[in-house]
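Tertiary structure, described
Each chain is listed here by its residues.
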Amino acid sequence: MLIRPATSADAADIAALLDEAFGPARRTRTAALLRGGSLPLPASLVARGEDGTLAGSLQFFPVTLAAAGAAWPLTLLGPMAVARAARSQGLGRRLLAAALDRADAAGLDPIVLIGDLPYYGPAGFSAVETGDWHLPGPVERDRLLLRRRTAPPLPMVADLVPAERAARCVTRADPSPNLADA
Ligand SMILES: CC(C)(COP(=O)(O)OP(=O)(O)OC[C@H]1O[C@@H](n2cnc3c(N)ncnc32)[C@H](O)[C@@H]1OP(=O)(O)O)[C@@H](O)C(=O)NCCC(=O)NCCS
């Protein structure tokens with residue numbers, strides 16, 4: 001199994017894999033609304049078998065956390081999917097570890113995702129900081145997970161929105177340490 005950076009040439013196979021994994025409703029899920037019209041970031045990965053078949057995909061997208069007219073650039077992890085025939089063999093965890101290594105090398109921090117804590121918790125994700133973040137669609141609070149390595153604390157009450165909406169806010173490259181009331 002070869003894990004390598006995703007390119008535009010992988011796009012059609014990735015779309016087919018995601019249709020298989022999530023069904024057609026995937027385009028209206030909250031995570032899709034968050035991605036908006038953004039393109040996947042270069043840290044995104046695919047896994048292909050020796051015959052070239054796409055076995056897995058993990059994409060990153062830019063998103064924005066907005067509060068009180070300020071904006072923080074965040075990275076959305078997902079969608080991630082492994083082909084049914086390749087599941088439960090550790091590929092998902094290998095993809096996740098490799099993608100987070102790439103994200104760290106690229107300075108993508110913090111990273112947010114909608115997913116299950118038992119799967120993503122061991123990779124450093126938790127729902128501790130996201131309890132009062134509002135999204136463009138429904139989300140179970142314990143499934144909105146954040147991994148923050150070196151970035152300063154983020155506002156506790158905020159809107160997580162597609163990256164293109166950052167233009168309406170002032171980007172906070174160096175947020176003040178006391179953002180609990182933002
Ligand atoms: C989630 C997914 C990517 C995992 O891929 P994978 O290659 O099977 O993952 P791994 O082999 O590394 O790990 C498999 C283990 O994780 C567990 N697991 C899978 N999804 C899980 C979840 N949502 N929550 C908790 N555990 C999960 C499995 O039960 C399995 O345990 P087992 O090995 O004891 O059977 C794959 O199941 C998938 O594509 N699912 C459909 C799409 C999806 O839900 N994507 C994630 C969106 S957040």
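An account of the accompanying structure is given in this report. Note that this is a predicted model, so its numbers are computed, not measured. (Residues numbered from 1 in each chain as written. Predicted model: local features only at pLDDT ≥ 70, side-chain atom pairs only at ≥ 80, totals over all residues. Heavy atoms only, no water.)

**Focus: the site of the ligand**
- Around the ligand, the structure places 17 residues, and the nearest of them are V82, S88, G90, G92 and D116.
- Take D116: an N or O atom from its side chain is 2.5 Å from a nitrogen atom of the ligand.
- Here the ligand loses 66% of its free accessible area of 880 Å² to cover by the protein chains.
- Among the secondary structure elements, those contributing two or more residues to the shell around the ligand are α1 (11-22), β4 (70-82), α3 (91-105) and α4 (117-120).
- Residue composition of the shell around the ligand, grouped by class: 9 nonpolar, 5 polar and 3 charged. (Near = heavy atom within 4 Å. Polar contact = N/O pair within 3.5 Å; in protein donor to acceptor, adjacent residues only side chain to side chain. Areas by Shrake-Rupley, 256 points an atom, 1.4 Å probe, with all protein chains shown as cover. Helix = DSSP H or I, 4+ residues; strand = E, 2+ residues; numbered from the N terminus. Nonpolar A, V, L, I, M, F, W, Y, C, P; charged D, E, K, R; others polar.)

**Section: the pattern of salt bridges**
- Summed over the entire model, instances satisfying the criterion amount to 9 salt bridges.
- In this structure, D10 and R48 form a salt bridge, with 3.0 Å as the shortest nitrogen-oxygen distance. Of this pair, D10 sits in the loop between β1 (2-5) and α1 while R48 sits in strand β2 (residues 45-48), and the two are 38 residues apart along the sequence. Per residue, the accessibility class of D10 equals that of R48, and both read buried.
- The residue E129 makes a salt bridge to R148 at a minimum N-O spacing of 2.9 Å. Here E129, found in the loop between α4 and β6 (132-134), pairs with R148, found in the loop between β7 (144-147) and β8 (157-162); they are 19 residues apart in sequence, far enough to count as distant.
- Assessed through its relative accessible area of 25%, E129 is described here as partly exposed.
- On the accessibility criterion, R148 (29% relative accessible area) is partly exposed.
- Each of R4, D10, D13 and R48 takes part in salt bridges that share partners, so that together they form one network. (Salt bridge = Lys/Arg side-chain N within 4 Å of Asp/Glu carboxyl O. Buried < 20%, exposed > 50% of the residue type's maximum accessible area, 1.4 Å probe, protein only.)

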